[in-house]
Amino acid sequence: MLTNLWIFAVSHQKMPSMHIHNMCCCIRASLKRSKPWILLGRNYSSLPGLIGNDIKSLHSIISPPIAKIRNIGIMAHIDAGKTTTTERILYYSGYTRSLGDVDDGDTVTDFMAQERERGITIQSAAVTFDWKGYRVNLIDTPGHVDFTLEVERCLRVLDGAVAVFDASAGVEAQTLTVWRQADKHKIPRICFLNKMDKTGASFLYAVQSIREKLKAKPLLLQLPIGEAKTFKGIVDVVSKEKLLWNPNSDDGKDFERKPLLEMSDPELLKKTLEARNSLIEQVADLDDEFAALVLEEFSENFDLLPAEKLQAAIHRVTLAQTAVPVLCGSALRNKGVQPLLDAITMYLPSPEEREYEFLPWYKGDLCALAFKVLHDRQRGPLVFIRIYSGTLKPQLAIHNVNGNCTERVSRLLLPFADQHVEIPSLTAGNIALTVGLKHTATGDTIVSSKSSALAAARRAKKEGEKKHRQNSDADRLLLAGVEIPEPVFFCTIEPPSVAKQPDLDHALKCLQREDPSLKVKLDPDSGQTILCGMGELHVEIIHDRIKREYGLETYLGPLQVAYRETILNSVHATDTLDRTLGDKRHLVAVELEARPTEAPSVEPVIEYAGSISEDLLKASQEAIESGIHSACLQGPLLGSPVQDVAVTLYSLTVHPGTSTTMISACVSRCVQKALKKADKQVLEPLMNLEVTVTRDHLSPVLADLAQRRGNIQEIQTRQDNRVVIGFVPLAEIMSFVLGLFNCASDTHIRLSDFCLRIVFLSSHESSRPKHAAQPEKWFCLSVLGLWKWKEVQERLPPCFIFTFRPELLAHSEYWIKDTT
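Since the structure is predicted, the reported quantities are computational estimates derived from the model, not experimental observations. (Residues numbered from 1 in each chain as written. Predicted model: local features only at pLDDT ≥ 70, side-chain atom pairs only at ≥ 80, totals over all residues. Heavy atoms only, no water.)

### Considerations on the overall build of the protein
How we decide: Per the convention used, a helix needs a DSSP run of H or I reaching at least four residues, while a strand needs a run of E reaching at least two, with both numbered from the N terminus. For the exposure calls, accessible area comes from a 1.4 Å probe over protein chains only, and a residue counts as buried if that area is under 20% of its type's maximum, exposed if over 50%, partly exposed in between. What makes two residues a contact is simply this: any of their non-hydrogen atoms within 4.5 Å. Note on areas: Shrake-Rupley, 1.4 Å probe, and residue coverage restricted to the protein chains presented here.
From N to C terminus, the protein includes 22 helices and 39 strands. Residue burial in the protein is summarised as follows: out of 820 residues, 56% are buried. Within the protein, counting contacts between residues at least 6 apart in sequence, those at least 24 apart form 72% of the total. As displayed, the protein has an accessible area near 35700 Å², and 51% of this comes from carbon and sulfur atoms.

This is the structure:
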């Protein structure tokens, strides 16, 4: 029988098959901390599917029908309320017994120490729960652009997504990025307008921003009852019912659903009927089956249309991605989350409703994609896998198509944030966590065996011939992985002593496997280790993890911007290398052309003239391309990598017996000569910028941006404020917050009138401290990157005093009080 404290067994405890068999009638749960430095402070509920005393069969818990599975992600701009929404979802589904809070640092999905200190999501976390007979695999993703790769690789394996919006801000900078990522992977999604209780919240403004900025067609399935301080519930447009939450309820479970009546709510009913008629017309325009139904049976009176018919049509429209359902609520105030869960199961697709071209090739054999790797010091690499077909079991030997190697899955786990439960098998459509895959990396394709891969390749080849496609066998089998963005920051990192260098190399190797956007290289001149990341916060988090998880006190050099170089015109160059080593003569003569490419290209585009013999090219092509790539690693101006360059090889003469190393060296030297002769230009990263400011204080901000070589694209009006949108060079933006301080001290502007939002180095709004008695005299500063608080404090006008969370020094929230 279950104890009063429902806890699930973590993955440290091995669960033999006999014990699992006995779980059907009796579950003995024990808790061990997977990481001793994490203070959970939570009461966890039972396994998914075990609600109250309703104990289902083990098979239904572990392997539910594929039609009842939903793989979804939560995506949004930073501070839109993703983690808070996730926390409420877990509470209402029975997964947790208490409501976690981001400010208190006790949420389920933000379990890293760095996440709990900063109050932001840094890495994606997967949780599994049940809701009304549906199995939901949910992934909470980061909102900060430094960790946008986390969003990319999670969306790659999901079937649907929930886009969370701040109702007072609408579509924000990072919202555009994650929306484009969802478009790229063709993910059906629904919109949740969060923070309807926030001052300045506007349902119509948020919907309009979705329509204009995202170019999407919003379907209004709900209407708010009140906004900002008057928000108390929502109206279900589909069923013509209102949902009111009990103001005396602490957890939001107590709410009532009432039909709208002419007697009690005449105005609200009229508004709802108008919205419903408009919704029916929108859906009919997008779905032919529904349009035929409406015209044949309900053209005279839309009120008679059953809600089930409308819901089925909305599901088809959502799956076709021709429109997006829109819901609203306030996760922090525990309103609107249960209807959101209903919408997830009702409108987002199951795995079998998504179309994958490769599935028929495997004929039910195992096919899976590794989309994330975590490194555990005790258990080694933990690999997250999305299973597309077949069944995965412990002790199963699998074949890695990318690495062309065979590995064995030692254990199979269901992910529950930082805790896991061991299971005997998992079927298609699910997300699993595997132990024992030591060579698998992000984006690798997993199949049951090499023979299965070859059979699938033959079927793919036959299908490709019918469709006149020309791909290699390996290319057909590889599932599309994720594109790794190029880093924009770099700095040196040094161990405390030379003896600790191997430990630092091991730590960086493990972190690189977890995070492919982290690049590590060795400076050939100084011999120093160079750390390359996506932003200041990214580099700081890596530095902090090395210290906490690997016990190394490393030292970071000054942060530098990753510049690039390119050429502006075409140039020809020739070079001859004639060396005699021992009794062997090495002679190479090269003629080539370097020119700028029409389309952006990080890697050099290599072409060959028809005059080069095929036999010579076949023997020397690898050496030629190696020489061209090595020459483009360091440009002639700053020594930065060269991009947007095409190289055409016109002539290559090789003396018999010449080594490939000499060919590569000659080609490299010739390319460097061509780059030096060409007109050159330095490229620098540009950051999108959005600053919200009052109308009276717009001029000083524009003047400051002009000094920073900023380009203002437009100035929008958002309620009583002005929104400046443009882009600024990354090198200039690193001190932008301090520039606002200077604006304040020079012109006596209160900084509480500013709200800064930077896309790639993002500071963000937050709720004021609970003890702040006068909200109009408080504002929130998010210190960027490696700045120290003293450096900021020295720039503050005398009327500002530091009052809140002094222990957090990197990209953390600091509350300032205006004492004037």
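Back to the write-up after that little detour.
### Describing the packing of helix 5 (residues 148–155) against helix 6 (residues 173–184)
Spelled out, the test is: Note on geometry: axes are lines fitted to C-alpha atoms, helical ones only across the stretch in contact, with angles between N-to-C directions running from 0 to 180 degrees. By definition in this entry, angles of less than 35 degrees are roughly parallel, angles greater than 145 are roughly antiparallel, angles of 65 to 115 are roughly perpendicular, and the rest are oblique. Here is the rule for handedness: rotate from the far helix to the near one, and if that takes an anticlockwise turn smaller than a right angle the crossing is left-handed, while a clockwise turn gives right-handed. Classification used: nonpolar for Ala, Val, Leu, Ile, Met, Phe, Trp, Tyr, Cys and Pro, charged for Asp, Glu, Lys and Arg, polar for all others including Gly.
Helix 6 packs onto helix 5 with a crossing angle of 25° between their chain directions and a minimal axis gap of 9 Å. Judged by the inter-axis angle, helix 5 sits roughly parallel to helix 6. When the axes of helix 5 and helix 6 are compared, the crossing they make is right-handed. Here Thr148, Val151, Glu152 and Leu155 of helix 5 lie close against helix 6, whose contacting residues are Gln174, Thr177, Val178, Gln181, Ala182 and Lys184. Among the residues forming the contact of helix 5 with helix 6, the class breakdown is 4 nonpolar, 4 polar and 2 charged.

### A look at the packing of helix 15 (residues 501–514) against helix 16 (residues 536–550)
Direction vectors running N to C along helix 15 and helix 16 enclose 120°, while the axes themselves pass 11 Å from each other. Considering their axes alone, helix 15 and helix 16 lie oblique with respect to each other. Considering only the axes of helix 15 and helix 16, their crossing is right-handed. Contact residues: Leu504, Ala507, Leu508, Cys510, Leu511 and Glu514 in helix 15; Ile542, Arg545, Ile546 and Tyr550 in helix 16. Of the residues that constitute the contact of helix 15 with helix 16, the class distribution is 8 nonpolar, no polar and 2 charged.

### Comments concerning the pattern of salt bridges
Which entries qualify depends on this criterion: Salt bridge, as applied in this entry: a Lys or Arg side-chain nitrogen positioned within 4 Å of an Asp or Glu carboxyl oxygen.
Counted under the stated rule, the structure contains 26 salt bridges. For aspartate 159, the salt bridge identified is with arginine 386, shortest N-O distance 3.3 Å. On the criterion of sequence distance, the pair formed by aspartate 159 in the loop between helix 5 and strand 4 (160–166) and arginine 386 in strand 13 (residues 380–389) is long-range, its members being 227 residues apart. Per residue, the accessibility class of aspartate 159 equals that of arginine 386, and both read buried. For glutamate 549, the salt bridge goes to arginine 545, with nearest N and O atoms at 2.9 Å. Of the two residues, glutamate 549 and arginine 545 both sit in helix 16, 4 residues apart, roughly one turn of that helix. Of the two residues, glutamate 549 and arginine 545, both sit in the buried class. Here the residues in one salt-bridge network are Asp159, Arg354 and Arg386, joined through shared partners.

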